[in-house]
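Next come the chains, spelled out residue by residue.
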Amino acid sequence: MPPIQKKICMAGAFAVGKTSLVRRYVESIFSERYQTTVGVKIDKKQLQIGDQQLTLVLWDLAGEDDLAQLRPSHLRGASGFILVVDGCRRATLDAAIDLHRRIVAETGPVPFVLALNKMDLAGQWEIHAADIEPLLRQGWACTRTSAKEGTGVEELFVDLARNMLGPIP
Amino acid sequence: MTERFIALEALSVLNIVALERREDGVFVVVGQPPDWFHRTFPDVDLSGASPYLADFLAESAEFQPSEPGPEKRYSGVWTQRDSAGEERAMEAWTARIGGRRVLLVHLLGEEFEPRRAALQKARETALSYEQLGNVTRGLADAKQQLELRNREVERINQLKNEFLASMSHELRTPLNAIIGFSSLLAEHSAGPLNSEQQSYVSHVARASHHLLDLINDILDLSKIEAGRLELEPELFPVEEATREVLSTIRPLARDKSILLAAGGGAGCQVFADRVRFKQILYNLLSNAIKFTPAKGEVRLHTEVAEGQLTIIVSDTGIGIPREEHDAIFQKFHQVGSGTKGIREGTGLGLAITKRLVEQHGGQIRLESEAGHGSRFAVTLPNASCERIEPAPRISAVQAAPAVSAHPHVRIAVVEDNPANRVLFETMLKPVYRVASYQNGVEALAAFRLSPPDLVLLDIALPGPDGIQVLRQIRADARLRSIPVIAVSAHAMSGDRERFLAAGFDHYIAKPVADRAALFQAIQPLLSSRTRAVS
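Residues numbered from 1 in each chain as written. Chains lettered and ligands numbered in written order. Predicted model: local features only at pLDDT ≥ 70, side-chain atom pairs only at ≥ 80, totals over all residues. Heavy atoms only, no water.

Engineer: Tell me about a negative patch on the surface, and please be specific about residues and values.
Structural biologist: All names here are of chain B. On the surface, a cluster of negative charge is made up of Glu230, Glu232, Glu234 and Glu497. Of note, Glu230 is situated in the loop between helix H6 (195-225) and strand E6 (233-237). Residue Glu230 is classed as exposed on the basis of its relative accessible area, which comes to 69%. (Patch = residues over 30% accessible without salt bridge, like charges linked within 9 Å, V, L, I, M, F, W, Y side chains within 5 Å. Areas by Shrake-Rupley, 256 points an atom, 1.4 Å probe, with all protein chains shown as cover. Salt bridge = Lys/Arg side-chain N within 4 Å of Asp/Glu carboxyl O. Lys, Arg positive; Asp, Glu negative; His and termini not counted. Charge placed at Lys NZ, Arg CZ, Asp CG, Glu CD. Helix = DSSP H or I, 4+ residues; strand = E, 2+ residues; numbered from the N terminus. Buried < 20%, exposed > 50% of the residue type's maximum accessible area, 1.4 Å probe, protein only.)

Engineer: A description of the sheet that holds strand E9 (residues 297-305) of chain B should follow, citing residues and the corresponding values.
Structural biologist: All names here are of chain B. In spatial order, the strands read E7-E9-E10-E12-E11; together these five strands make up an open sheet with mixed pairing. Every interior strand has two partners, whereas the edge strands, strand E7 (259-264) and strand E11 (363-368), have only one. Taken pair by pair, the neighbouring strands of this sheet meet at an average axis angle of 10°, ignoring direction. Bridging between E11 and strand E12 (residues 374-380) involves six bridges; their strand directions are antiparallel. Bridge assignment links Ser368 to a residue of E12, and that residue is Ser374. Relative to the sheet, helix H8 (residues 274-290) contacts E7, E9, strand E10 (308-315), E11 and E12, its axis offset from that of E10 by approximately 20°. (Pairing = 2+ DSSP bridges. Axes fitted to C-alpha atoms, helices over the stretch in contact; angles between N-to-C directions. Contact = heavy atoms within 4.5 Å.)

Engineer: Break down a nonpolar patch on the surface for me, citing the residues and quoting the values.
Structural biologist: Nonpolar side chains collect at one region of the surface, where Leu132, Val135 and Leu139 of chain B lie side by side and expose about 280 Å² of accessible area between them. Residue placement: Val135 of chain B occurs in helix H5 (residues 112-186).

Engineer: Now, about helix H13 (residues 466-475) of chain B: what can you tell me, with residues and values included?
Structural biologist: Residue and element names in this part refer to chain B. Among all positions in H13, only Gly466, Ile467, Val469, Leu470 and Ile473 are buried. Viewed along the axis of H13, the buried residues span an arc of 155°, placing them on a single side of the element. With respect to the buried face of H13, the exposed residues turned more than 90 degrees away are Arg471 and Ala475. Looking at the buried residues of H13, the elements they touch are helix H12 (440-449), strand E16 (454-457), strand E17 (484-488) and helix H14 (495-502). The N-terminus of H13 is capped by Asp465, whose side-chain oxygen sits 3.1 Å from the backbone nitrogen of Ile467. (Arc of directions from axis to C-beta. Polar contact = N/O pair within 3.5 Å; in protein donor to acceptor, adjacent residues only side chain to side chain.)

Engineer: Tell me about the confidence of the model for chain B, and name the residues and values.
Structural biologist: All names here are of chain B. Summarising the model, chain B shows a mean pLDDT of 82, and 87% of its residues fall at 70 or more. In this model, residues 337-343 is a region of pLDDT below 50 whose contacts with residues beyond four sequence positions or in other chains number nine contacts. Confidence drops under a pLDDT of 50 for residues 388-401, and excluding neighbours within four residues, the segment shows 14 contacts in the predicted structure. Model confidence for the complex is summarised by a pTM of 0.46, with the ipTM given as 0.86. (pLDDT = per-residue confidence, 0-100.)

In structure tokens:
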């Protein structure tokens, strides 16, 4: 099967850990030092799903806040997206729900995953199961991750890639 | 050719690569591309090497048509890895120059980090705004709580002031009778006393004066703490003020056979509130005498240096343990076991003294050890030692007028408290013809029949109060020129000013210490009335 390339956009409020998740997945590295993303950070990761060689082109979009707004043009051609939320900041879940609406308006119904990041700080979480339940009922895929410890990161990207490829014969 | 070369050099220095898009869609680098460009875009297909650039170029396909349109000319910043895995941040522009479609790709080098840092800072600040929002909301709640508490404190403070005014009035009224009658007894006005009776009377007098001191101290302290004590500074000779205090203190020292020595300060003057200055001195000296055993020594020394007056009061008394040096200036504190049973005084003197000194902008220091005496040093600013002529000042004792009988002068006493009415009658009768009334209505009716020469008018009267009675006196053509003295147990800050503003000719606070105090107020008014009439 010829290799294929898929674009995934990482979106979420600022400082939720989008770049850290990509870095952990692509380079298996986590850095405590926070560096804001300017513009868009492009990374690639090759993986094999069944017989399919797949290159994920990861568009790590700068976190949305008062200083930077999501640019719809950056979403063009995306086969899937990951909404990243900081479990310690309730407001980032609200931001993700809003982003979901705007992204889908641009990309159409593509696979996506809600990543509840910073699982290593579970004791400080402001987001609880009751907050997520309504989203699960709407069919959202949600997973808990820790870019710091690597928990759930590989699964996050691989599961999304599988969904993007559709059912494997 | 040269100009083109210079332009390319300049672009190279700025890490900018210029590319021209041919008709077939292939980009051709203008000039010699730098290494970084080769590593980032290893083949001619720029789009393939950079998904981000491909996206941007897709939006800029025509590189701006002749009419300005919505197409993008600037890519924004993006980051990607080069063939060596090194992350590079770039930005790009498209332009149409003379029919040629040009792409400029800029490698962000050293300038990228400051840009990132600035953005990071801005984002962190934005986060802080979120947190600040919470803090601000919290502060608003706290402020509201604080305002409620402040209102409550103000209300309680108001109640406290009203309570103090009322207490002061209620205590001064009976004290007036106690102090006044014991003074009359001591003067043998009601016949001679035997030594035992004299001793009893002096006990009554001492105890009642102590009670009066306590009331005055509490009022002073509450005024100071409420920030309502206003100083009335004036320039006066230090020696003169100390002499006046020493004349009051000497009898206390003499009673205990204590040597009282004073020196220094000759020719010096200080800009301070004279009354409060004397209060500071009196408190320190009386305290020293109180805690110095018989046959001990109390010394007062004053000196001026560098515009500062230093007052030192030292004694050979019981001393103050080091651990109590701070507490000694607190309210109601008296040195514990060290006082050896001496529990005289209110425990407010030093607290008041310290606050008075500080309100003058000065300091008070204490050096003492238990059993080795004490040394209080007070420093006050605004002092000098230029020779000045002492202002003619008549001391209270000197001012006491010689009292001769004036049986034709009619003094009216309007006072509802029977004991005080009798007291004033008794004090005045040897000199004047006295008529007393228990309320304003009765007094006014009598005045209209036969106007008195002077009225001593209480304020808190049943029916019309003293101020209302005064208004009626001033409204009556036959009575309006009669001197009226307010004699009142209302002795809080501002009362004096209030009564004088209401039109009283003079004000005497109860308790009236002795008949001399009364005559001192009455006689000048009678003299000026006589002059005015003649």
